[in-house]
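Each chain is listed here by its residues.
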Amino acid sequence: MKLQVLMFYQDDPKKCTAAKMVKFGLAKNIKKIGTKGLVLDPFSEKTLLPKDKFLINSIIGIDCSWNLADQAFSKKFNGIKRKLPPLLAGNPVNYSKLNKLTTAEALSASLIILGDKEQGLELLDKFKWGHTFYELNQNLFEEYSKLENESQIDFILKDYGLA
Ligand SMILES: C[S@@+](CC[C@H](N)C(=O)[O-])C[C@H]1O[C@@H](n2cnc3c(N)ncnc32)[C@H](O)[C@@H]1O
């Protein structure tokens, strides 16, 4: 799957996971989003489901600061917007917080949920905390990659003590 990032350059470039993915050729830095691009949008009302893979031809992370994310996402992006189902961050800045993922974690999670675990893990391999993110969420990933509709998510969260 094609991975892309739209960058706002708001965080320390040395710590920016999008910049690192671009540097390693794992994602492309883009200025325009295509109509079949899946936009990872934490404020979207719709949650990513495995069947969304039939609608998309690329996945886009919006790399902005979490402190300024509401402003960044007030822009009207092209594409198909989805939030991820609840996941625990593995990165040291927001470790174990629900939903506050880095761009790399979000792209990797979307790949795993859409059925491309290999590409998702390849991405995480580039980050020291990448494996921690996978391990923290391994059971949730298994459940989410079988989701048929959003209403199943509440049951899963209750089972794992997250709701
Ligand atoms: C807010 S930026 C933070 C970037 C961070 N400074 C870095 O270096 O990776 C993270 C981006 O990942 C995606 N993302 C993170 N958590 C998400 C979630 N729960 N649902 C959907 N997208 C998410 C969004 O595109 C979001 O804008």
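Not measured: the values here are computed from a predicted model.

Reading the values: rules and limits
Residues numbered from 1 in each chain as written. Predicted model: local features only at pLDDT ≥ 70, side-chain atom pairs only at ≥ 80, totals over all residues. Helix = DSSP H or I, 4+ residues; strand = E, 2+ residues; numbered from the N terminus. Buried ≥ 20, exposed ≤ 12 C-beta atoms within 10 Å, placed from the backbone. Contact = placed C-beta atoms within 7 Å.

Concerning the overall build of the chain
Here comes step 1: In terms of helices and strands, the chain carries 6 helices and 5 strands.
Here comes step 2: Counted from the first residue to the last, the chain has its helices and strands arranged as β-α-β-β-β-α-β-α-α-α-α.
Here comes step 3: For the chain, the spread of C-alpha atoms along the principal axes amounts to about 40 × 35 × 30 Å.
Here comes step 4: Within the span of the chain, comprising 163 residues, buried residues form 35% of the whole.
Here comes step 5: When contacts within the chain are restricted to residue pairs at least 6 apart in sequence, those whose partners lie at least 24 apart make up 66%.

What to know about the environment of valine 22
Here comes step 1: Residue placement: valine 22 occurs in helix α1 (residues 17-23).
Here comes step 2: Taking the C-beta count within 10 Å as the criterion, valine 22 has 19 such neighbours and is therefore assigned partly exposed.
Here comes step 3: It is 14 Å that separates the C-alpha atoms of valine 22 and aspartate 125, two residues lying 103 residues apart in sequence.
Here comes step 4: Residues in contact with valine 22, not counting those within four places in the same chain, are Val5, Ala27 and Asn29.

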